[in-house]
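Overview (structure and organization)
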Amino acid sequence: MSQGEGGRSQEAFEYRDITINTVEKASDLYIQLEKLGAGKFGMVYKLQEKATGKIRAGKYFRTRTSKEREAACKEVELMNLLHHPRLVQSLAAFQSQTELVLVLEYIAGGELFERIVDDDFEHTEPTSIQYVRQILEGIQYVHRQSIVHLDLKPENLVCISKNSHWIKIIDFGLARKLDPDTPVKVIHGTPEFMAPEVIAFEPVGFTTDMWSIGVICYILLSGDSPFQGDSDMETLQNITAAQWEFEEETFSEVSQEAKDFISQLLQKDSRCRLPSDQALAHPWLQKTEQSGTKALSKERMRRFLACQKWQKTGNVLLALKRLSRLSCKLDDPVTAPSAPEKGGISQCSLQNQWQFQWALFFS
Ligand code: ATP
Ligand code: MG
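First, a word on scope: everything that follows refers to the structure included in this document. (Residues numbered from 1 in each chain as written. Chains lettered and ligands numbered in written order. Predicted model: local features only at pLDDT ≥ 70, side-chain atom pairs only at ≥ 80, totals over all residues. Heavy atoms only, no water.)

**Focus on the overall build of the chain**
Rule in force here: Strands here mean DSSP runs of E at least two residues long; helices mean DSSP runs of H or I at least four residues long; both are numbered from the N terminus. We call a residue buried when its accessible area falls under 20% of the maximum for its residue type, exposed when it is over 50%, and partly exposed in between, using a 1.4 Å probe and counting protein chains only. Accessible areas in this description were obtained via Shrake-Rupley with a 1.4 Å probe; residue shielding takes into account the shown protein chains only.
Tallying secondary structure elements over the chain gives 11 helices and 10 strands in all. For the chain, the proportion of its 363 residues judged to be buried stands at 50%. With an accessible surface of roughly 17,500 Å², the chain has 52% of that area assigned to carbon and sulfur atoms.

Laid out in structure tokens, this is it:
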């Protein structure tokens, strides 16, 4: 099967099921170029294939421990189930003594939200509909494979080129395959985009991703983040309370259908959220180009992006502070978390948040 629709301005290649190459090294076949990103797993570098000169991305996982090796292999395994034009494709994998290199198609355009705020990029409700439709098409396919992404956020939505409106979903590092008989609970994610069930450490499902799409869509149309508090803890509390609204000022140019679409995703009860099939059939996504072509605010979106960058550096300090407080509390039997509290966030989920801060600290 080839990439088909949406891959036009991009190199077309055959979808591959990859097996991990333990004979050759990635450096035998690829030249490592500049760094593209970093994560808790390791680094992402631009690569050039020696035989063809083609540009790729290489996700370098540290695999010194068996846990690290398992996590990397799991991402390779999941990527083998995900062949769709709206999802980043894997092309090869190499395992050496201490690292696994996952070779991916290179997606050149950078983060969608960064493109949107460029002066020459049109940002209207119809263009937003195009993006949301593409996200949903990708996620509908992911869910049909019984996989949840669990880390949908603007950073993981990238444009295929600098001036393209075609996007792809990347980063299946937290994705999980769901089995109806085995509940899956997770303690990771990014506060602003986490669904209430993740914070409450309850089982996740396909509609956990739909909540995150609701948050992304809210920010896309208004430039405002619906649950953002002054600290991660406040953000998590706002999500738990499912406290959000359409601000008069920021949503004045946004249609009623768009608001209805968001409302049907930002439902605290995961069973009440639209699944991907129904979301794709929502009247807002059926709207044509003619309607609502007013430009949406890029200024607020710019502020949102600046705030995200600042938070990334701030998080480590915050995590350190919380960690020192946590270690005092856990040493003290009087203040150590025990039974759940009534109302607000339970002690149990507070404990999860601390664990979450641990995860952040090590990321
Ligand atoms: P994890 O959540 O698994 O710890 P992460 O968010 O750190 O991972 P990725 O999102 O997969 O990992 O990669 C980190 C960054 O590297 C991305 O935000 C993006 O900037 C860049 N990147 C990743 N894959 C590609 C790709 N295929 N093409 C271009 N850039 C990429
Ligand atoms: Mg990422």
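**Looking at unusual backbone geometry**
Positive phi, normally seen in glycine, also occurs at leucine 150, with a value near 65°. Within the secondary structure layout, leucine 150 lies in the loop between strand E7 (147–148) and strand E8 (157–159). The exposure class of leucine 150 is buried, given its relative accessible area of 10%. Positive phi outside glycine occurs at phenylalanine 201, with the angle close to 55°. Here phenylalanine 201 lies in the loop between helix H5 (196–199) and helix H6 (206–222). The exposure class of phenylalanine 201 is partly exposed, given its relative accessible area of 29%.

**What to know about the coordination of the magnesium ion (ligand 2)**
What counts is decided by this rule: Here the coordinating atoms are restricted to nitrogen, oxygen and sulfur within 2.8 Å of the metal centre, or 3.2 Å for Na, K and Ca, and because water is not among them the sites may look incomplete.
Summarising the metal site, the magnesium ion (ligand 2) is bound by the protein donors Asn156 (OD1) and Asp171 (OD), whose distances to it range over 2.2 to 2.3 Å. Placement of asparagine 156 in the loop between E7 and E8 and of aspartate 171 in the loop between strand E9 (167–169) and strand E10 (176–177) is noted, with a sequence separation of 15 residues between them. Exposure remark for aspartate 171: the relative accessible area of 23% places this residue in the partly exposed category.

**Observations concerning the pairing of strand E2 (residues 30–38)**
Note the threshold: Here, strands pair whenever DSSP counts at least two bridges between them.
Both E2 and strand E3 (residues 42–49) contribute to a ladder of 6 bridges, which runs antiparallel. What sits directly across from alanine 38, in E3, is methionine 43. The turn joining E2 and E3, which pair antiparallel and follow one another in sequence, is formed by 3 residues.

**Comments concerning the pattern of salt bridges**
Once the charged atoms of two side chains with opposite charge are near each other, the side chains can pair. Our working definition: Note on definitions: salt bridges are taken to be side-chain nitrogens of Lys or Arg within 4 Å of carboxyl oxygens of Asp or Glu.
The full count for this structure, using the stated rule, is 16 salt bridges. A salt bridge links lysine 153 to aspartate 151; its shortest N-O distance comes to 3.8 Å. We note that lysine 153, like aspartate 151, is buried. The partner of arginine 273 in a salt bridge is glutamate 197, with the nearest N and O atoms 2.8 Å apart. Here arginine 273 is found in the loop between helix H8 (256–263) and helix H9 (276–280), whereas its partner glutamate 197 is found in helix H5, with 76 residues between them in sequence. Grouping residues by exposure puts arginine 273 and glutamate 197 together as buried. What you see here is one network of salt bridges that share partners, running through Lys59, Glu75 and Asp171.

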